[in-house]
Amino acid sequence: MTVVRSLALFVLAAIAEIGGAWLVWQGVREHRGWIWIGAGIAALGAYGFVATLQPDSNFGRILAAYGGIFVAGSLAWGIIADGYRPDRWNVTGALVCLIGVALIMSAPRGN
């Protein structure tokens, strides 16, 4: 159950951070205004709290693993929200990052 919770929190963090950054991008680059920017800032702030809910207490490990989720999630967001078409190198890079997430989060620890 801990793995499922951790994965769900990674997904929630990705939605908050990537969505927040996308909202700021839309507000500034696409001239959608301050409401979009404010919503993005709020989502980015919420992202900061989501990591604290992770069952693992090692900040560096959680943020390093989240980095891989962020890479794959950013490509997925681009596909869904902007119609981006990743090439095979984008997909390969995202898969490498997800393998890194699996290693960081599930490798045996010899503490």
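Owing to the predicted nature of the structure, the values given are computational and were not obtained by experimental measurement.

Enquirer: Hey, could you run me through the UniProt feature "transmembrane region" (unreviewed entry) in the chain in this one?
Expert: According to UniProt, the "transmembrane region" (unreviewed entry) feature falls on residues 6-25, 34-53, 59-80 and 89-107. As a span, residues 34-53 carries 85% helix and 0% strand, and end to end its C-alpha atoms are 30 Å apart. Helix makes up 95% of residues 89-107 and strand 0%, with an end-to-end C-alpha separation of 26 Å.

Enquirer: Is there a simple way to think about the layout of surface pockets in this case?
Expert: Empty pockets left among the atoms are what a rolling probe the size of a water molecule brings to light. Roughly 230 Å³ of internal volume is contained in the largest pocket. Residue lining of the largest pocket: 13 residues in total, with Val3, Ser6, Leu7, Met105 and Ser106 positioned closest to the centre. At the level of elements, helix H1 (2-29) and helix H4 (88-106) are the ones that each hand at least two residues to the lining of the largest pocket. Grouping the constituent residues of the lining of the largest pocket by class yields 9 nonpolar, 3 polar and 1 charged. Forming the boundary of the second largest pocket are Val11, Ala14, Ile15, Ile18, Ile69, Gly73, Ala76, Trp77, Ile80 and Ala81. Contributing elements (two or more residues each) for the lining of the second largest pocket: H1 and helix H3 (59-82).

Enquirer: Is there a simple way to explain the nonpolar core in this structure?
Expert: The biggest cluster of nonpolar side chains holds 13 residues, and the ones touching the most others in it are Phe10, Ala13, Ala14, Tyr47, Tyr66 and Ile69. Elements represented by at least two residues in this core include exactly H1, helix H2 (34-50) and H3. Tallying contributions element by element places H1 first for this core, with 6 residues.

Enquirer: I would appreciate a short explanation of the pattern of salt bridges in the present structure.
Expert: Once the charged atoms of two side chains with opposite charge are near each other, the side chains can pair. A full pass over the atoms with the stated rule returns 1 salt bridge. A salt bridge links aspartate 56 to arginine 61; the shortest N-O distance between them is 3.0 Å. Residue classification places arginine 61 among the partly exposed residues on the basis of a relative accessible area of 21%.

Enquirer: Can you walk me through the environment of glycine 78 in this structure?
Expert: Looking at where glycine 78 falls in the secondary structure, it is placed in helix H3. Residues glycine 78 and tryptophan 22, spaced 56 residues apart in sequence, show a C-alpha to C-alpha distance of 9.3 Å. Excluding anything up to four places from it in sequence, glycine 78 contacts Gly83 and Tyr84.

Rules of the game
- Residues numbered from 1 in each chain as written.
- Predicted model: local features only at pLDDT ≥ 70, side-chain atom pairs only at ≥ 80, totals over all residues.
- Heavy atoms only, no water.
- UniProt positions renumbered as here; feature names shortened; annotations may be inferred.
- Helix = DSSP H or I, 4+ residues; strand = E, 2+ residues; numbered from the N terminus.
- 1 Å grid on protein atoms, 1.4 Å probe; cavity = no way out; pocket = protein on both sides within 12 Å on 5 of 7 lines; lining within 4 Å.
- Points joined across faces, edges and corners; volume = space filled by probe spheres on them.
- Nonpolar A, V, L, I, M, F, W, Y, C, P; charged D, E, K, R; others polar.
- Core = buried A, V, L, I, M, F, W, Y, C linked by side-chain atoms within 4.5 Å.
- Buried < 20%, exposed > 50% of the residue type's maximum accessible area, 1.4 Å probe, protein only.
- Salt bridge = Lys/Arg side-chain N within 4 Å of Asp/Glu carboxyl O.
- Contact = heavy atoms within 4.5 Å.

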